[in-house]
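The chain contents come next:
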Amino acid sequence: MLNNKTLIHLEPKRIFCFGCSFTQYLWATWAEIIGYEFNKAEFFYFGKSGAGNQYFFNMLMQADSVYN
């Protein structure tokens, strides 16, 4: 029986994080915390301070073509 307090019931195999300074900064961000919590998964980190929507889109398309 699954624990009702668990939000994710299947462990992810890979985690991709895209974002701006909320994703990559001088101290730990949400992306690093997720990578730490799911330490068995491959962690791909594409955060960059000051990045905008064009960067997110370009990195998403590049990651899709490389890792898909």
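Only a predicted model underlies this, so the values are computations on that prediction, with no experimental measurement involved.

A.B. asks: Just checking my understanding: could you explain the overall build of the chain for this structure?
C.D. replies: The number of helices and strands found in the chain is two helices and two strands. For the chain, the sequential pattern of α-helices and β-strands runs β-α-β-α. In the chain, which comprises 68 residues, the share counted as buried stands at 22%. In the chain, the share of contacts with a sequence separation of at least 24, taken over all contacts with a separation of at least 6, comes to 59%. Working note: accessible area of the chain is about 5,700 Å², and carbon and sulfur atoms make up 58% of it.

A.B. asks: How should the packing of aromatic side chains be read in this particular structure?
C.D. replies: Working definition: an aromatic ring pair is given by the centre-to-centre distance plus the angle between the planes. Under the defined criterion, the tally for this structure stands at six aromatic pairs. Pairing Phe16 with Phe44 gives two aromatic rings, centres 4.7 Å apart and planes at 10°, and the pair type is stacked. Placement of the pair is Phe16 in strand 1 (residues 14-19) and Phe44 in strand 2 (residues 42-47), with a sequence separation of 28 residues. Phe16 gets classed as partly exposed once you look at its relative accessible area, which sits at 29%. Residue class for Phe44 comes out buried when judged on its relative accessible area of 12%. Through pairs of rings, three or more aromatic residues link up here, namely Phe16, Phe44 and Tyr67.

A.B. asks: Before we go on, may I ask you to explain the environment of Phe43 in this structure?
C.D. replies: By the secondary structure assignment, Phe43 is in strand 2. We classify Phe43 as partly exposed; its relative accessible area is 31%. The sequence separation of Phe43 and Ile15 amounts to 28 residues, and the corresponding C-alpha distance is 4.9 Å. Ignoring anything within four residues of it in the chain, the contact list for Phe43 reads Ile15, Cys17, Ala31, Glu32 and Gly35.

A.B. asks: Just to check I follow, could you spell out the pairing of strand 1 for this structure?
C.D. replies: Look at any regular strand and the pattern is simple: side chains alternate between the two faces of the sheet. Of the two faces of strand 1, only the one carrying Ile15, Cys17 and Gly19 is buried; Arg14, Phe16 and Phe18 on the other face are not. With six bridges joining them, strand 1 and strand 2 adopt parallel strand pairing. The residue bridging Arg14 from the neighbouring strand is Glu42, located in strand 2.

What counts as what
- Residues numbered from 1 in each chain as written.
- Predicted model: local features only at pLDDT ≥ 70, side-chain atom pairs only at ≥ 80, totals over all residues.
- Heavy atoms only, no water.
- Helix = DSSP H or I, 4+ residues; strand = E, 2+ residues; numbered from the N terminus.
- Buried < 20%, exposed > 50% of the residue type's maximum accessible area, 1.4 Å probe, protein only.
- Contact = heavy atoms within 4.5 Å.
- Areas by Shrake-Rupley, 256 points an atom, 1.4 Å probe, with all protein chains shown as cover.
- Phe/Tyr/Trp six-rings, centres within 6.5 Å; stacked < 30°, edge-to-face > 60°.
- Pairing = 2+ DSSP bridges.

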